[in-house]
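# Analysis of the macromolecular model
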Amino acid sequence: MRKRLYLALLLGTTALFPSAAAADPVTGFIAAAYAASAATAYIGGAIGSYALTAAGVSAMSFLGRALISAGLSYVANKLTSKTSDPYTAQLGNYAQAVSYMQRIYGTVRTGGVFGFTGFVDKKRHYSIIVAAHSTVGPLTHYLSDVEVEIDTDGDVTTSPMSGYGNIRPFTGHSGQTADSVLMAAFPEITSGYDFARLSGAHLWAKRVKASKLSTVYPDGDIWTYAPIWKGNDQIYDPRDGSTGWTNNWALCFAHELVNYLGAEVDWAEVAAEADVCDRLVTNADGATQRRWTFSRVFTDDTDADTINSEFIAAADGWLYERPDGKIGFRAGRYIAPTVTLTAEDFTSFSPSTGREIGSNSQYVIKYAEPLNLYKDSVSGTYVFDGTARRVTSETEIYGIDSHNQAARVAKRLARSEHPKFSITAQVKLIGFELIGQRFVRIVHKEIGIDMTFEVTKLALNSDGLSWSLEASSVTEEDFSFVAATEEPERPTYQDVESADDVDDLTGLVAAVLGTSNGSAAITSMWDSQDESYRQQIRLRSPGAGIDDWQIFTAGDGQAEFVATGLVDGAQYEIQGRNETTSGRVGDWQPETPIYVTAVANTTAPGALSGFAATASGSDVSLMWTAPNSATYFGTRIYRLTSSTSVSSPSIANASVIHVEYGIPSASDGYTDPAPGAGYHYYWAEAVNSSGVAGDRSGPIEVIIS
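To keep things clear, this report deals only with the structure shown in the data block. The shown structure was predicted, so the numbers you read here are calculated from the model rather than taken from an experiment. (Residues numbered from 1 in each chain as written. Predicted model: local features only at pLDDT ≥ 70, side-chain atom pairs only at ≥ 80, totals over all residues. Heavy atoms only, no water.)

### Details of the pattern of salt bridges
Overall, the coordinates contain 32 salt bridges when judged by the stated rule. Residue D316 is joined to R438 by a salt bridge in which the shortest nitrogen-to-oxygen separation is 3.0 Å. Of this pair, D316 sits in the loop between helix 9 (304-314) and strand 17 (318-321) while R438 sits in the loop between strand 25 (421-427) and strand 26 (439-444), and the two are 122 residues apart along the sequence. Summarising the burial analysis for this pair, D316 and R438 share the class buried. A salt bridge links R412 to E454; the nearest nitrogen and oxygen atoms lie 3.0 Å apart. With R412 in helix 10 (residues 403-417) and E454 in strand 27 (residues 449-460), the pair connects residues that are 42 residues apart, well separated along the chain. (Salt bridge = Lys/Arg side-chain N within 4 Å of Asp/Glu carboxyl O. Helix = DSSP H or I, 4+ residues; strand = E, 2+ residues; numbered from the N terminus. Buried < 20%, exposed > 50% of the residue type's maximum accessible area, 1.4 Å probe, protein only.)

### Observations concerning the sheet that holds strand 31 (residues 533-541)
Ordered by their spatial adjacency, 4 strands build an open sheet running 32-31-34-35, and the pairing between neighbours is antiparallel. Here the strands that pair on one side only, and so sit at the sheet edges, are strand 32 (546-553) and strand 35 (589-597). Within the sheet, the average angular offset between the axes of one strand and its neighbour, ignoring direction, is 25 degrees. Bridging between strand 34 (residues 571-580) and strand 35 involves 5 bridges; their strand directions are antiparallel. Bridging across to strand 35, G576 finds its partner in Q589. (Pairing = 2+ DSSP bridges. Axes fitted to C-alpha atoms, helices over the stretch in contact; angles between N-to-C directions.)

### Examining the packing of aromatic side chains
Overall, the coordinates contain 23 aromatic pairs when judged by the stated rule. In textbook terms, an aromatic cluster arises when at least three aromatic residues are bridged by ring pairs, as seen for Y105, W249, F253, F294, F298, F311 and F329. Over the ring of Y260 we find R103; its NZ or CZ atom is 4.1 Å from the centre of that ring. (Phe/Tyr/Trp six-rings, centres within 6.5 Å; stacked < 30°, edge-to-face > 60°. Lys NZ or Arg CZ within 6 Å of the ring centre and 35° of its normal.)

### Details of the environment of R296
Here R296 shows up in strand 16 (residues 296-299). For R296, a relative accessible area of 5% gives the class buried. At 2.8 Å, the side chain of R296 and the side chain of E310 are in polar contact. (Polar contact = N/O pair within 3.5 Å; in protein donor to acceptor, adjacent residues only side chain to side chain.)

### So, the nonpolar core
In terms of nonpolar packing, the biggest core is built from 44 residues, with W249, F311, F329 and I365 touching the most fellow members. Breaking this core down by element, the ones donating at least two residues are helix 4 (72-80), helix 7 (249-259), helix 8 (267-278), helix 9, strand 18 (327-330), strand 21 (362-369) and helix 10. Considering each element in turn, this core owes the most residues, 7 residues, to helix 7. Excluding residues within four positions of it along the chain, W249 makes contact with C277, W292, T293, F294, F311, A314, A315, G317, F329, R330 and A331. Core analysis: the second largest hydrophobic core is formed by 26 residues, I68, F432, F453 and V455 among them. (Core = buried A, V, L, I, M, F, W, Y, C linked by side-chain atoms within 4.5 Å. Contact = heavy atoms within 4.5 Å.)

### Some thoughts on the packing of helix 7 against helix 8
Helix 8 packs onto helix 7 with a crossing angle of 145 degrees between their chain directions and a minimal axis gap of 7 Å. Contact with helix 7, carried on its side by W249, A250, L251, A254 and V258, involves W267, V270, E273, A274 and C277 of helix 8 and no other residues of that element. Considering only residue class, the contact of helix 7 with helix 8 consists of 9 nonpolar, no polar and 1 charged. (Nonpolar A, V, L, I, M, F, W, Y, C, P; charged D, E, K, R; others polar.)

### Quick word on the side chain of N166
Within the secondary structure, N166 sits in strand 9 (residues 165-170). With residues up to four places along the chain from it excluded, the contact list for N166 reads D153, G154, D155, V156, H202, L203 and W204.

### Focus on the packing of helix 7 against helix 9
Two elements in contact, helix 7 and helix 9, have axes separated by 11 Å at closest approach and are oriented at 170 degrees. Between helix 7 and helix 9, the interaxial angle falls into the category roughly antiparallel. Residues W249, C252, F253, E256 and L257 of helix 7 pack against I307, N308, F311 and A314 of helix 9. In the contact of helix 7 with helix 9, the residues fall into 7 nonpolar, 1 polar and 1 charged. (Parallel < 35°, antiparallel > 145°, perpendicular 65-115°, else oblique.)

### With respect to the pairing of strand 21
Most of strand 21 is tucked away, with 8 of its 8 residues classed as buried. Where strand 21 meets strand 23 (residues 382-383), 2 bridges bridge the pair, whose relative direction is antiparallel. Opposite Y363, over in strand 23, you have Y382 as the bridge partner. With 5 bridges joining them, strand 21 and strand 24 (residues 392-396) adopt parallel strand pairing. Following the sheet pairing, K366 is matched in strand 24 by E396. The antiparallel hairpin formed by strand 21 and strand 22 (residues 375-378) contains 5 residues in its connecting segment, where L373 sits at a positive phi of about 60 degrees.

### Notes on unusual backbone geometry
With an omega of 5 degrees, the peptide bond running from S159 to P160 counts as cis. Looking at the element boundaries, P160 is found in the loop between strand 8 (146-148) and strand 9. Between G698 and the following residue, P699, the backbone shows a cis peptide bond with an omega angle of 5 degrees. When you line up the elements, P699 lands in strand 42 (residues 693-704). Of note in this structure, L373 is not a glycine but carries a positive phi near 60 degrees. Residue position: L373 is located in the loop between strand 21 and strand 22. Judged by its relative accessible area of 26%, L373 falls in the partly exposed class. If you check the backbone angles, S665 has positive phi at about 70 degrees while not being a glycine.

### Concerning the pairing of strand 31
Counting buried residues in strand 31 gives 7 out of 9 residues, a clear majority hidden from the surface. The pairing of strand 31 with strand 34 spans 8 bridges and is classified as antiparallel. Its bridge partner lying in strand 34, R538 is registered against Q575. Pairing analysis gives 5 bridges linking strand 31 to strand 32, with the strands arranged antiparallel. Residue pairing across strands places R538 opposite I551, the latter belonging to strand 32. In textbook terms, the turn of a hairpin is the stretch between consecutive antiparallel strands, and for strand 31 and strand 32 this stretch comprises 4 residues, one of which, G545, has a positive phi near 80 degrees.

### Focus: a negative patch on the surface
On the surface, a cluster of negative charge is contributed by D501, D503, D504, D530, E531, D587 and E591. Within the secondary structure, E531 sits in the loop between strand 30 (520-525) and strand 31. Taking relative accessible area as the criterion, E531 reaches 79% and is therefore assigned exposed. (Patch = residues over 30% accessible without salt bridge, like charges linked within 9 Å, V, L, I, M, F, W, Y side chains within 5 Å. Areas by Shrake-Rupley, 256 points an atom, 1.4 Å probe, with all protein chains shown as cover. Lys, Arg positive; Asp, Glu negative; His and termini not counted. Charge placed at Lys NZ, Arg CZ, Asp CG, Glu CD.)

Keep in mind these values describe shape, not function.
So this is what it looks like as structure tokens:
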């Protein structure tokens, strides 16, 4: 009888696919702010060409409130305060009532949400969705943190999972069809359930015997599927008009802004930043790598502020809103300023110098390290001031998957927190010229400042006539990086061969145990084992009506186990194994069970006396006297028949022909009716109630012609 199949989240062609954000044309915040402002005339052609549709000054921009630009130092606190999700949190499989879909940039290791699960034919079938878009697909499969390989049919070939699992990836491309294995296993699943435009894998996991459970399934349940996956392959590159996979930071950021955050970008500007990201840099190993890459998983419930912060931090980036409403950004690098502000351009100007007491002196980045299975890992420590008290800043930037990139960002964080000058100022209307300018030259002769500053925060004030500016002094050297001398030594990750197997139980023997209460018992004994183990013994006896194994656990320190209350005369199979206190077990030993016949009465009676056998016509008469033994229960008679005389007859060739029950010391007999012509040899032995025999009498030859 088939159980009812419950499909919690079985996805079909039209099901649960988040399309790209469909935002109306973004009216420029700055343009809208000036639509009702007297400053419009002053701006003139600089803004007049943009569509002005707002009724008044908006209170919000793309970056939040009236913020026009934001850089690394602005977002660092958000990521230092542990608001970012730990990278390892994404390595699980989830089946909550509401499970948010994922999108993947670059190459990541990730789990995903359950799209389907069902059990049939001793197999648990389940489907894990890793991305709600098309992807390149898996590079490496991991089942419960164990790297495995599969054959062309998807069968797992890596021990100890080999033979117990199957993985069938799907990548969401056009023409994707429903999985044939699922359709064959579950009649409810039809061709419409094709997981269209979704990426993931269909798996099945086979039921195993209890002794192999912890070995095959380390989690004690079906495997967690968390592969290394090459993500989105529909990212637009304006440099050649192509779409495909890339981990170029600028191209990934532009894709996120346009397709998920509903923004517009200047594709010519994106192309220029993509070129910057592709420039080669040398790392501490002497190898070259591209300057800025991005690999990350976002879920549909991740807020825009968090997404922007992670992108900015991963590449020492800088994000700003343009007058036309488009969003621009810069990848990390020094750019010579083209705008100069003087004392006359400020209505207020507050500089500060020096470092605060207790400020950070060294920096580490938590990022996704490929050499550590893409788990969150800590970079080497970038020391800004080796003479100061050690105060460490730890920033989580999981879009980074390169130690060199993490080190470069760590240096920039250190320099941005310890500038020669920091300023907070109110800028006149000329602040409009700072839009899109990451760097500005500030000349203030009265204070003695003539330096390049990085705009860390620029916001339009509510009066629409002035700007709030926060900036820190920088030098070109702050953005340079010599890996040979500046990249700190990173932690090493090395696979260590470990043996965590449970030793096999040795020396197991089993034998009948005599009891005083007439109950059948079997004792099992074994060699002394490591004190960290306890022992389990299992028995079964189809002849006694016990078809399934019965498992018993011996007490700590015991080297013997006695099974009592057994069925007298029934044959029992016996095996044993070691078990750890955490429940991990070895294999049952010996591989071929020990067979022991249970005996309730182990005391044999004495020997028969006066045993005789004579021909009586065509019959044979046998006579004897029972022994004077309290355990005497009867006499077992054997016969060997031959057509010719046997010089040395063996009871091994004889058969039991009768058991004559009697009482101790009594004369008794049995007539063997018509055994046929030939030579007949007879043996007899006294037995107790359990069939245990005393000394045997015979053989006696009887000839019947």
